[in-house]
Number of protein chains: 2
Amino acid sequence: MSGPQAPEPTLEGQADASAGSPDEDAAEGIQHSHRMLSFSDALLSIIATVMILPVTHTEISPEQEFDKSVQRLLATRIAVYLMTFLIVTVAWAAHTRLFQVVGKIDDTLALLNLACMMTITFLPFTFSLMVTFPEVPLGIFLFCMCVIAIGAVQALIVLYAFHFPHLLSPQIERSAHRGLYRQRVLGIIVRGPALCLAAAGFSLFFYPASYLLMAMVIVLPHVSKAAGWCRAQLVGPREPPAHSVEVFTFDLHEPLSKERVEAFSDGVYAVVATLLILDICEDNVPDAKDVKEKFQGSLVAALGESGPHFLAYFGSFATVGLLWFAHHSLFLHIRRATQPMGLLNTLSLAFVGGLPLAYQQTSAFTKQPRDELESVRISCAIIFLASIFQFAIWTTALLQEGETLQPSARFGGREHAFMFAKLALYPCASLLAFACTCVLSSFSTAIFHAMQIAVPFAFLLLRLLVRLALASLRALRGLVGPVLARPAQSPLLPAPC
Amino acid sequence: MSGPQAPEPTLEGQADASAGSPDEDAAEGIQHSHRMLSFSDALLSIIATVMILPVTHTEISPEQEFDKSVQRLLATRIAVYLMTFLIVTVAWAAHTRLFQVVGKIDDTLALLNLACMMTITFLPFTFSLMVTFPEVPLGIFLFCMCVIAIGAVQALIVLYAFHFPHLLSPQIERSAHRGLYRQRVLGIIVRGPALCLAAAGFSLFFYPASYLLMAMVIVLPHVSKAAGWCRAQLVGPREPPAHSVEVFTFDLHEPLSKERVEAFSDGVYAVVATLLILDICEDNVPDAKDVKEKFQGSLVAALGESGPHFLAYFGSFATVGLLWFAHHSLFLHIRRATQPMGLLNTLSLAFVGGLPLAYQQTSAFTKQPRDELESVRISCAIIFLASIFQFAIWTTALLQEGETLQPSARFGGREHAFMFAKLALYPCASLLAFACTCVLSSFSTAIFHAMQIAVPFAFLLLRLLVRLALASLRALRGLVGPVLARPAQSPLLPAPC
């Protein structure tokens, strides 16, 4: 029915247009890496958030007090979650940089990448094993082996790609210093696993040394960066070496690919938003036998029992959704994501991943009014931290606005005020809720979730108010100096509606 | 350190280049919908697979026989999973078509889309409620309300977008028949919810009518399509109406956006691959107290206990990963995804989603050797179904190869044999394993998982063999007719290694 002239969907069309001749490449067995990278991002974002599950599923029986042992268990699990998140993010960043060097893939590289993903998915398990048994060599040993396996697969990918240079990114492919590149890239990749190999060795007879070595893996690049910055401040910027323009791609100080930051963040938000519904679908469909015996066959009563769960779910989804929305708006105005912005984004995401914990906290304790205040406070703290780090991304971007932001979002740009309002909404709202818990002696979780659901409407209201304020400002200016004001109008002109 | 002339990462650069002036758009509050759509795809793919969790977590105590009541429970849950998967896929397809009409978004549309997502995430819950209590009006009522809510939000999105036509896809924006479009699009969106509204009404006094109405929602488009096809066969193709070229975009018979099919499939594969590690991270980190008491402090013994789990995990990941790889290779050669291909893809994905069940089956029963054969058979059946539907996509594409496939994958193209081998690998391997279970009296799950892990290597071997066969064929031809054969060589020339 449809003629062959039916136009392609927009984005596909774009990809085709920019890829030159996709069929020609496909015929040579070479493929653009876009889809493989999205798949990897999805996998990694799920893996990063996985360790929140043991935290949220920590069982606290209703009689049991929130006592020391439970607190310690919970604290350990939260620490494991945060550390795992950071470790997986480091692995993800390394993966991003690797595929900034390797521009195209073929079947072998796709399979190697799958092997790399498989080893990375095992990181959270080995890490939590290591934390649970800090003094047993096996835990350390397995974790180090995992890191070494990842390094080995990545080194294989690099060697393979440099052996078939048409797989490299065009810039490196054309470079005369290709051998130098390979050396450098391999050096960066192998550094961490080499330290871990030493750590695995030490784990057999003196385990504290292992931890020291592993800490070095994380700290080293930052130390060298800080040292470089200090030197630059003292002595003035170093003269760039002769081939510096070409070496940049794999430099740790370089901005990450904005698209992959977005994809990874999307994955985390999507997983967090749905972790809640997973629990609800599994636990809150009442059993037919139960309904007959406990509720005299009334389904409404049975569902009413888990009513607070649903309210909490909608509240949480609204929060996660709106935080995603703020992130989306923010990155729309960001031109490139620098290293500090990437770090702040990771921290923000780590707390977003903690939101199911907030949900669990506020929905599990609804029967003990004494604990409600406590759980609402924890939720507020998590939301505040998640949103304040988003705000920090924006502040950091403003420091180098010429390089990092689109003109409309810079100081004085017409979207600047909006962005500020969007990003300040959640820090303010969560602080306000926290303050309420301190003033009021009873602050029900139901009210809290109702507030969460109300925030999107508050946002729409805010939007309207900002529009009105701008319009009235314009009208005022029009009255004061109709001729003078006219050139200044256009950047403040509200968007249609 | 980095000069501002450092080039953008490739894909971002592409997006910028093709979007004309992104900053201009951003300044008007209009945004390209690409990221929002990926986020929606990620959410929907997680939601589609969520109902596999109750299936895999069906508890069967070791003493308990695999008796009638457990079987019935399991069968119900599997049916719920498959139906939910199909329903969510239908919602996803509607979402895809909707955003083929709405080309750009602004803040309001992004928020409306989040609301739409929130209602869709509630579909699995209401559906499983309806199935658990088929005769209680409330279950039906809630499910219908959910569908109506989705329809209402989508209608709002359409109305909003048509009110600000710059948000529509360029083709519709420029069209003279815009009012007609709106009518038509709204009609398609409202059809399903209207039927559900009637079903919700009937649920109060005569519930079988509700089921009939809901069945109509799914069947109607297919019936009308089949009727159209029959008429076309009998009477000859209908004359297209005057403005048919413009109406196509929202036509149910039109191919889906290939990019979104890929994104949705990626999401499903990523979730399925990681569902397994979620369980492992939560359940298989041994407890410090347990290790001291039960295993005399030996962590190795404690981990050895759950050794089969790890083997099963690696086997499963290898299978899911390689199925993704086959899917990836297949869609690389596909130019557009027609309606039947989309359906086959959905079915394939539904069985891929069943793979965690296969894992659970093969890893839960390892202590009862009598059941091992049974569970390996189930795994083989699931893998066979998942891969045979992939193969069917390929076969269907070959039927209209001019329209659906890249030239290199068509009959006689140089990638044709490879694609065939890739896609036939899993159906053959799973059939073989199934046959083994019939012949051998004891077929251990460990062997099965080892086989799963071996398949990628088998694939690499296969690749090498095909290369060798082609090379020898070429050499042979070279010997027989060195001059005649030369023009035929190039399409069969193996890609560099």
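Looking up chain A in an unreviewed UniProt entry gives the name Endosomal/lysosomal proton channel TMEM175, with the organism given as Bison bison bison. Looking at the Sequence similarities (unreviewed entry) heading of the UniProt record, one finds this comment for chain A: "Belongs to the TMEM175 family."

(A) Expanded view of the overall build of chain A. Of the regular secondary structure elements, chain A holds 23 helices and 2 strands. Within chain A, the fraction of its 497 residues that count as buried is 52%. Across chain A, the fraction of contacts at a sequence separation of at least 24, relative to all contacts at a separation of at least 6, is 78%. Put simply, chain A shows about 21800 Å² of open surface, and 69% of that area lies on carbon and sulfur atoms.

(B) Just the confidence of the model for chain A, in detail. Here chain A averages 77 in pLDDT, and 81% of its residues register 70 or above. Across chain A, the element-wise mean pLDDT spans from 37 in helix α1 (residues 10-18) of chain A up to 89 in helix α8 (residues 137-163) of chain A.

(C) Looking closely at the side chain of R260 of chain A. All names here are of chain A. Within the fold, R260 resides in helix α13 (residues 258-283). A relative accessible area of 5% places R260 in the buried class. The contacts of R260, once residues within four sequence positions are left out, are L37, S40, D41, W92, H95, T96 and F99.

(D) Spatial organisation of the interface of chain B and chain A. Between chain B and chain A, the contact holds 110 residues from the first and 111 residues from the second. Contact between chain B and chain A buries roughly 9700 Å² in total, counting both sides, with carbon and sulfur atoms accounting for 71%. A per-residue breakdown of the area chain B buries against chain A is headed by R35, F39 and F125 of chain B, which together make up 8% of the total. Scanning the region where chain B abuts chain A turns up 4 salt bridges. The residue D266 of chain A makes a salt bridge to R35 of chain B at a minimum N-O spacing of 2.9 Å. Here chain B and chain A share 8 residue pairs in polar contact (both at pLDDT 80 or more) between them. With 15 residues, the single largest contributor to the side of chain B that touches chain A is helix α13 (residues 258-283) of chain B. Residues of the side of chain B that touches chain A, tallied by class, amount to 64 nonpolar, 26 polar and 20 charged.

(E) Geometry of the state of the cysteines. Per the counting criterion, the structure on display carries 0 disulfides over all chains. This cysteine, C196 of chain A, is not joined by any disulfide, and C144 of chain A carries the nearest cysteine sulfur, 4.5 Å off.

(F) Just the domain arrangement of chain A, in detail. Residues and elements named next belong to chain A. Assigned domains of chain A: these are domain 1 (30-58 + 69-234) and domain 2 (258-286 + 305-473). Contact residues are listed per partner, giving 27 residues for domain 1 and 21 residues for domain 2. Summed over both partners, the interface of domain 1 with domain 2 comes to about 2000 Å²; 71% of that surface belongs to carbon and sulfur atoms. Our count for the contact surface shared by domain 1 and domain 2 stands at 1 salt bridge. Here R260 makes a salt bridge to D41, at a shortest N to O gap of 2.7 Å. Linking domain 1 to domain 2 there are 4 residue pairs in polar contact (both at pLDDT 80 or more). Put simply, the parts of the chain that give the side of domain 1 that touches domain 2 at least two residues each are α3 (34-49), α4 (52-56) and α5 (68-101). If one sorts the elements of the side of domain 1 that touches domain 2 by residue count, α5 sits on top with 12 residues. A class-by-class count of the residues in the side of domain 1 that touches domain 2 yields 15 nonpolar, 9 polar and 3 charged.

(G) View of the packing of aromatic side chains. Under the definition given, this model contains 30 aromatic pairs over all chains. Taking the centre distance of 4.9 Å and the plane angle of 40° together, the rings of F314 of chain A and F122 of chain B count as tilted. Taken together, the residues F314 of chain A in helix α16 (residues 307-332) and F122 of chain B in the loop between α6 (107-121) and α7 (123-132) connect one chain to another. Overall, F122 of chain B belongs to the buried group, its relative accessible area being 13%. Ring geometry for F391 of chain A and F420 of chain A: centres 5.6 Å apart, planes at 70°, overall edge-to-face. Here F420 of chain A lies in helix α21 (residues 416-439) and F391 of chain A lies in helix α19 (residues 369-399), a separation of 29 residues in the sequence. Aromatic rings pair up to connect F122 and F125 of chain A together with F310, Y313, F314 and F317 of chain B into one cluster.

(H) Up close: the relation of the copies chain B and chain A. Mapping chain B onto chain A calls for a rotation angle of 180° and an axial translation of 0.0 Å; the resulting RMSD is 0.0 Å. These values place the two chain copies in the arrangement generated by a two-fold rotation axis. A symmetric contact is evident, with 100% of the interface residues of chain B recurring at the interface of chain A.

(I) Structural view of the packing of α3 of chain A against α13 of chain B. For the pair α3 of chain A and α13 of chain B, the least separation of the axes is 9 Å and the interaxial angle reads 35°. Relative to α13 of chain B, α3 of chain A is oriented so that their crossing is right-handed. Contacts between α3 of chain A and α13 of chain B involve H34, R35, S38, F39, A42, L43, I46 and I47 of chain A from the former and E259, E262, S265, D266, Y269, A270, V271, A273, T274 and I277 of chain B from the latter. The residue makeup of the contact of α3 of chain A with α13 of chain B, split by class, is 10 nonpolar, 4 polar and 4 charged.

(J) Region of the structure containing the environment of A194 of chain B. Residues and elements named next belong to chain B. Among the structural elements, A194 can be located in helix α10 (residues 178-203). By relative accessible area, A194 is classed as partly exposed at 41%. C-alpha of A194 to C-alpha of G151: the two residues are 43 residues apart in sequence and 8.8 Å apart in space.

(K) Molecular detail of the packing of α3 of chain A against helix α16 (residues 307-332) of chain B. Across the interface, α3 of chain A lies against α16 of chain B with an axial gap of 11 Å and an inter-helix angle of 150°. Taken together, the axis directions place α3 of chain A and α16 of chain B in an arrangement best described as roughly antiparallel. Both α3 of chain A and α16 of chain B take part in a crossing whose hand is right-handed. Where α3 of chain A abuts α16 of chain B, its residues R35, M36, F39 and L43 of chain A lie against F317, W324, H327, H328 and F331 of chain B. Considered class by class, the residues forming the contact of α3 of chain A with α16 of chain B number 6 nonpolar, 2 polar and 1 charged.

(L) Structural view of the pattern of salt bridges. Residues and elements named next belong to chain B. Enumeration according to the criterion identifies 8 salt bridges over all chains in this entry. Across the pair E262 and K258 runs a salt bridge, and its minimum N-O distance is 3.7 Å. Here E262 pairs with K258, and both are found in helix α13, just 4 residues apart, close to one helical turn. By relative accessible area, E262 is classed as buried at 14%. The class of K258 is buried, set by a relative accessible area of 12%.

(M) Main features of the environment of K225 of chain A. Its place among the elements puts K225 of chain A in helix α11 (residues 207-235). The spacing of K225 of chain A and G179 of chain A is 46 residues in sequence and 25 Å in space, taken between C-alpha atoms.

(N) Here's a closer look at α7 of chain B. The buried count for α7 of chain B comes to 8 of 10 residues, which makes it a mostly enclosed element. Listed in full, the buried residues belonging to α7 of chain B are L123, P124, F125, T126, F127, S128, L129 and M130 of chain B.

(O) Inspection of the nonpolar core at higher detail. One finds F125, L355 and W394 of chain A together with L355 and W394 of chain B to be the most contacted residues of the largest nonpolar core, which totals 277 residues. When residues no more than four places from it in sequence are discounted, the contact partners of L355 of chain A are V272, T319, V320, L323, I382 and I383 of chain A.

(P) Quick look at a nonpolar patch on the surface. Residue and element names in this part refer to chain A. Side chains of M83, L86, I218, V219 and V223 sit close together on the surface and give an oily, nonpolar patch of about 380 Å² of accessible area. Only α5 and α11 provide two or more residues apiece to the nonpolar patch. A total of 3 residues in the nonpolar patch trace back to one element, the largest contributor, which is α11. Residue position: V223 is located in helix α11.

(Q) Geometry of α6 of chain B. Spanning 15 residues, α6 of chain B covers 21 Å between terminal C-alpha atoms, matching the ideal 21 Å at 1.5 Å per step. Judged by how many residues are buried, α6 of chain B sits mostly within the fold: 13 of 15 residues are covered.

(R) Looking closely at the environment of T84 of chain A. Residues and elements named next belong to chain A. Positionally, T84 belongs in helix α5. Remark: the alpha-carbon pair of T84 and T49, spanning 35 residues in sequence, is separated by 8.3 Å. Here T84 is in contact with M51, P124 and F127, once residues within four sequence places are set aside.

Rules of the game
- The written sequence of each chain sets the order in which its residues are numbered from 1.
- Key to labels: chains lettered from A, ligands numbered from 1, both in the order written.
- The predicted origin of the model limits local features to residues at a pLDDT of at least 70 and limits the giving and counting of side-chain atom pairs to 80 or more, whereas totals for whole chains, interfaces and linings rest on all residues.
- Hydrogens and water are ignored here; the side-chain numbers use all heavy atoms of the structure.
- UniProt positions are given in the numbering used here, feature names are shortened, and annotations may be inferred rather than shown by experiment.
- The secondary structure listing takes helices from DSSP runs of H or I that are at least 4 residues long and strands from runs of E that are at least 2 residues long, numbered from the N terminus.
- Note on exposure labels: buried denotes an accessible area under 20% of the residue type's maximum, exposed denotes more than 50%, and partly exposed covers the range between, all computed with a 1.4 Å probe on protein chains only.
- Any two residues whose heavy atoms approach within 4.5 Å are treated as being in contact.
- Working definition of accessibility: Shrake-Rupley area with a 1.4 Å probe, residue cover restricted to the visible protein chains.
- A score from 0 to 100, pLDDT tells how confident the predictor is in each residue.
- Accessible area, probed at 1.4 Å, shrinks when two parts are joined; the buried area is that loss added up over both.
- Salt bridges are defined by distance alone: a side-chain nitrogen of Lys or Arg within 4 Å of a carboxyl oxygen of Asp or Glu.
- Whenever two N or O atoms come within 3.5 Å, that pair is a polar contact, provided that in protein one can donate a hydrogen and the other can accept it, and provided that, for residues adjacent in sequence, both atoms are side-chain atoms.
- For this classification, Asp, Glu, Lys and Arg are treated as charged, while Ala, Val, Leu, Ile, Met, Phe, Trp, Tyr, Cys and Pro are nonpolar and the rest, including Gly, are polar.
- Disulfides are defined in this document as cysteine sulfur pairs within 2.5 Å.
- Domain extents, as shown, originate in an automatic or database domain assignment.
- For Phe, Tyr and Trp, rings pair up if their centres lie within 6.5 Å, where Trp contributes its six-membered ring, and each pair is then called stacked (planes under 30 degrees apart), edge-to-face (over 60) or tilted (otherwise).
- Alignment of the copies relies on least squares applied to C-alpha atoms, considering only residues that score at least 70 for pLDDT in both.
- An axis is simply a line fitted to the C-alpha atoms; with a helix, the fit covers only the stretch in contact. Between two such axes, the angle follows the N-to-C directions and lies from 0 to 180 degrees.
- In this scheme, a crossing is called left-handed if the near helix is turned counterclockwise away from the far one by less than a right angle; it is called right-handed if the turn is clockwise.
- Note on angle classes: values under 35 degrees are labelled roughly parallel, values over 145 roughly antiparallel, values of 65 to 115 roughly perpendicular, and the remainder oblique.
- Here, nonpolar core refers to any group of buried Ala, Val, Leu, Ile, Met, Phe, Trp, Tyr and Cys residues whose side-chain atoms link them within 4.5 Å.
- Only residues whose relative accessible area exceeds 30% and that form no salt bridge are eligible for patches; like-charged ones are grouped when within 9 Å, while nonpolar side chains (Val, Leu, Ile, Met, Phe, Trp, Tyr) are grouped when within 5 Å.
- By definition here, a helix of n residues has an expected span of 1.5 Å times n minus one.

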